[in-house]
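# A closer look at the structure
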Amino acid sequence: MAKAIHFKRGKRKFERYGGPPGKATIARLITPEISQTMGGGVAKFDGCSIEWTVLYDEIIVVLEGKFRPRLGESYKQKIEARPGDVIWLPEGTPLKYEGDKAVVFYALDPVDWRQRHGMA
């Protein structure tokens, strides 16, 4: 049986993710080494624009700042999310992650999306 894990705020290790311009960092907390089904972590976005196509189902909870994903092939649909807002992104969604001093929690499924898409 798996054991519960407490990820303390001051112990999270953030690594650079995208940029410049701006800055984005990510702390991957729930990885395939921990769970066989879901992943999760915390990310920060400030003055950046990171283009990506989501290769998993993702739910995002905004904790701080303003988070603005731009969605669709031309990125014309924009969501303006603030603390407490929740965003659902289905697999295959093309987007740009953007934010101003944004801190978000994300959860994704499946956790092994890199292997499934030949990126591991």
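Up top is the structure these notes are about.
All of these numbers come straight from a predicted model, not from anything done at the bench.

For the rest of this paragraph, the subject is the overall build of the protein. Looking only at helices and strands, the protein has one helix and nine strands in total. Along the chain direction, N to C, the helices and strands of the protein fall in the order β-β-β-β-β-β-β-β-β-α. Computed over C-alpha atoms, the radius of gyration of the protein comes to 14 Å, within 12% of the 14 Å expected from 2.2 N^0.38 for 120 residues, which places it in the range of a compact globule. Over its C-alpha atoms, taken along the principal directions, the protein stretches across nearly 45 × 35 × 25 Å. For the protein, the proportion of its 120 residues judged to be buried stands at 38%.

On to the packing of aromatic side chains. Evaluation of the coordinates by the stated rule reveals six aromatic pairs. Centroid distance tryptophan 52 to tryptophan 113: 5.8 Å. Interplanar angle 75 degrees. Geometry classified as edge-to-face. Note that tryptophan 52 is positioned in strand S4 (residues 48–53) and tryptophan 113 in helix H1 (residues 113–116), a separation of 61 residues in sequence. Using a relative accessible area of 22% as the deciding quantity, one classes tryptophan 52 as partly exposed. Here the aromatic cluster, defined as three or more aromatic residues joined through ring pairs, consists of Tyr17, Phe45, Phe67 and Tyr97.

Right, let's get into a nonpolar patch on the surface. Among the surface-exposed residues, Ile59, Val86 and Trp88 lie close enough to one another that they form a single nonpolar patch of about 310 Å² accessible area. Tracing the sequence through the fold places isoleucine 59 in strand S5 (residues 57–67). Owing to a relative accessible area of 35%, isoleucine 59 belongs among the partly exposed residues under this scheme.

Before going further, it helps to examine the environment of tryptophan 113. Looking at tryptophan 113, the relative accessible area reads 10%, which means it is buried. Separated by 81 residues in the primary sequence, tryptophan 113 and proline 32 have C-alpha atoms spaced 9.5 Å apart. In contact with tryptophan 113, other than residues within four places in its own chain, are Trp52, Leu55, Tyr56, Leu108 and Met119.

Before going further, it helps to examine the environment of proline 20. Here proline 20 shows up in the loop between strand S1 (15–16) and strand S2 (23–30). Given a relative accessible area of 71%, proline 20 falls into the exposed group. Separated by 91 residues in sequence, proline 20 and valine 111 place their C-alpha atoms 27 Å apart.

A word on the pairing of strand S9 (residues 94–109). Note that strand S3 (residues 39–46) and S9 share seven bridges and pair antiparallel. Within S9, the residue paired with alanine 43 across the bridge is valine 104. In the sheet, S4 pairs with S9 via six bridges, with the strands oriented antiparallel. Along S9, the bridge assignment pairs glutamate 51 with lysine 96. Across nine bridges, the pairing between S5 and S9 is antiparallel. If you follow phenylalanine 67 over to S9, its bridge partner there is glycine 99. In terms of strand pairing, strand S6 (residues 70–71) meets S9 through two bridges, oriented antiparallel. Paired with leucine 71 across the bridge in S9 is leucine 95.

Cut-offs applied
- Residues numbered from 1 in each chain as written.
- Predicted model: local features only at pLDDT ≥ 70, side-chain atom pairs only at ≥ 80, totals over all residues.
- Heavy atoms only, no water.
- Helix = DSSP H or I, 4+ residues; strand = E, 2+ residues; numbered from the N terminus.
- Rg over C-alpha atoms; globule rule 2.2 N^0.38 Å.
- Buried < 20%, exposed > 50% of the residue type's maximum accessible area, 1.4 Å probe, protein only.
- Phe/Tyr/Trp six-rings, centres within 6.5 Å; stacked < 30°, edge-to-face > 60°.
- Patch = residues over 30% accessible without salt bridge, like charges linked within 9 Å, V, L, I, M, F, W, Y side chains within 5 Å.
- Areas by Shrake-Rupley, 256 points an atom, 1.4 Å probe, with all protein chains shown as cover.
- Salt bridge = Lys/Arg side-chain N within 4 Å of Asp/Glu carboxyl O.
- Contact = heavy atoms within 4.5 Å.
- Pairing = 2+ DSSP bridges.

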